[in-house]
Amino acid sequence: MTTHSLDGPTSGDAQRPPAVVRYLHGFRHWRKGRPFPAGLLIILAGAELWLAPLSSLGTIIHEGIGGVSAFFIGALMAMFGLSIWLAPAYRTFAGIASILLGLIALPATNLGGFFVGTLLALIGGALAVSWVPQPGWHAPTYRERRRAKAARADEASAEPSAESEETGAHERPEN
């Protein structure tokens, strides 16, 4: 049984980046394969519509149908935003439904969460409907990215040595 300390890299991990960097790279590649900004805007619209009746603005806020519909529309918006992230194939339906819910929120929930929720829903829905996946694109794994980086480094290191052999010029630092 071997034990590893957190102080230094083990023998096989000398070239491996830290876990946070690997996670951020993986998240970036996951994000590029789906309409991430659209889902984010729709989730923010849902959160804003959900929280609008809970604010303390006095007479503008009215409970009852407006409060119930705000919670209902906010929950649906959050669900549509998550479905855009997790199932990009349903982005058109979720985008159109988000646009419609944003428009329904204007009269139903305190002017659509004081217009902010409606605007976020409209923009996010439009981004979701208009997003098209890049043909032939797939998110490369960590191993594929590492191999490609090593191949580029090998090509870059091989080119200058070939040029210096052809020209016969060797650079020397002058004192």
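Read on for an overview of the structure. (Residues numbered from 1 in each chain as written. Predicted model: local features only at pLDDT ≥ 70, side-chain atom pairs only at ≥ 80, totals over all residues. Heavy atoms only, no water.)

## Side note on the overall build of the protein
Across its full length, the protein holds 7 helices and 0 strands. Residues classed as buried in the protein amount to 26% of the 175 residues present. Taking all contacts inside the protein whose residues are at least 6 apart in sequence as the whole, residues at least 24 apart take part in 74%. (Helix = DSSP H or I, 4+ residues; strand = E, 2+ residues; numbered from the N terminus. Buried < 20%, exposed > 50% of the residue type's maximum accessible area, 1.4 Å probe, protein only. Contact = heavy atoms within 4.5 Å.)

## Focus: helix α4 (residues 91-108)
The periodicity of an α-helix, 3.6 residues per turn, causes residues three or four positions apart to be oriented the same way. Across its 18 residues, α4 extends 25 Å between first and last C-alpha, which sits within 8% of the 26 Å expected from 1.5 Å per residue. Within α4 the residues assigned to the buried category are Arg91, Ala94, Gly95, Ala97, Ser98, Leu101, Gly102 and Ala105. Taken end-on, α4 shows its buried residues confined to a sector of 165 degrees, consistent with a single buried face. Along α4, the residues that are exposed and aim more than 90 degrees away from the buried face are Phe93 and Pro107. In the stretch just after α4, asparagine 110 is the one whose phi turns positive, near 50 degrees. (Expected span 1.5 Å × (residues − 1). Arc of directions from axis to C-beta.)

## Examining the packing of aromatic side chains
In the structure shown here, the tally under the stated rule is 7 aromatic pairs. Pairing tryptophan 50 with phenylalanine 71 gives two aromatic rings, centres 5.9 Å apart and planes at 75 degrees, and the pair type is edge-to-face. One end of the pair, tryptophan 50, is in helix α2 (residues 36-51); the other, phenylalanine 71, is in helix α3 (residues 65-86), with 21 residues separating them in the sequence. A relative accessible area of 38% places tryptophan 50 in the partly exposed class. Classification of phenylalanine 71 by relative accessible area gives partly exposed; the value is 30%. Here the aromatic residues Phe27, Trp30, Phe36 and Trp85 are joined through ring pairs into a cluster of three or more. (Phe/Tyr/Trp six-rings, centres within 6.5 Å; stacked < 30°, edge-to-face > 60°.)

## Quick word on α2
With 16 residues, α2 extends 23 Å from end C-alpha to end C-alpha; this agrees with the ideal 22 Å at 1.5 Å per step. Of the positions making up α2, those classed as buried are Phe36, Ala38, Gly39, Leu41, Ile42, Ala45, Gly46 and Leu49.

## Details of the layout of surface pockets
Size it by volume and the largest pocket reaches roughly 370 Å³. Every residue lining the largest pocket is counted, 15 residues in all, and those nearest its centre are Pro17, Tyr142, Arg145, Arg146 and Lys149. Of all elements in the fold, only α1 (19-32) and α7 (142-167) reach the threshold of two or more residues within the lining of the largest pocket. Top element by residues in the lining of the largest pocket is α7. It accounts for 8 residues. The residue inventory of the lining of the largest pocket, partitioned by class, reads 6 nonpolar, 3 polar and 6 charged. (1 Å grid on protein atoms, 1.4 Å probe; cavity = no way out; pocket = protein on both sides within 12 Å on 5 of 7 lines; lining within 4 Å. Points joined across faces, edges and corners; volume = space filled by probe spheres on them. Nonpolar A, V, L, I, M, F, W, Y, C, P; charged D, E, K, R; others polar.)

## Side note on a nonpolar patch on the surface
On the surface, a cluster of nonpolar side chains totalling about 420 Å² of accessible area is made up of Ile96, Leu100, Leu103, Ile104 and Val129. A per-element tally of the nonpolar patch places α4 first, with 4 residues. Mapping isoleucine 96 onto the fold places it in helix α4. (Patch = residues over 30% accessible without salt bridge, like charges linked within 9 Å, V, L, I, M, F, W, Y side chains within 5 Å. Areas by Shrake-Rupley, 256 points an atom, 1.4 Å probe, with all protein chains shown as cover. Salt bridge = Lys/Arg side-chain N within 4 Å of Asp/Glu carboxyl O.)

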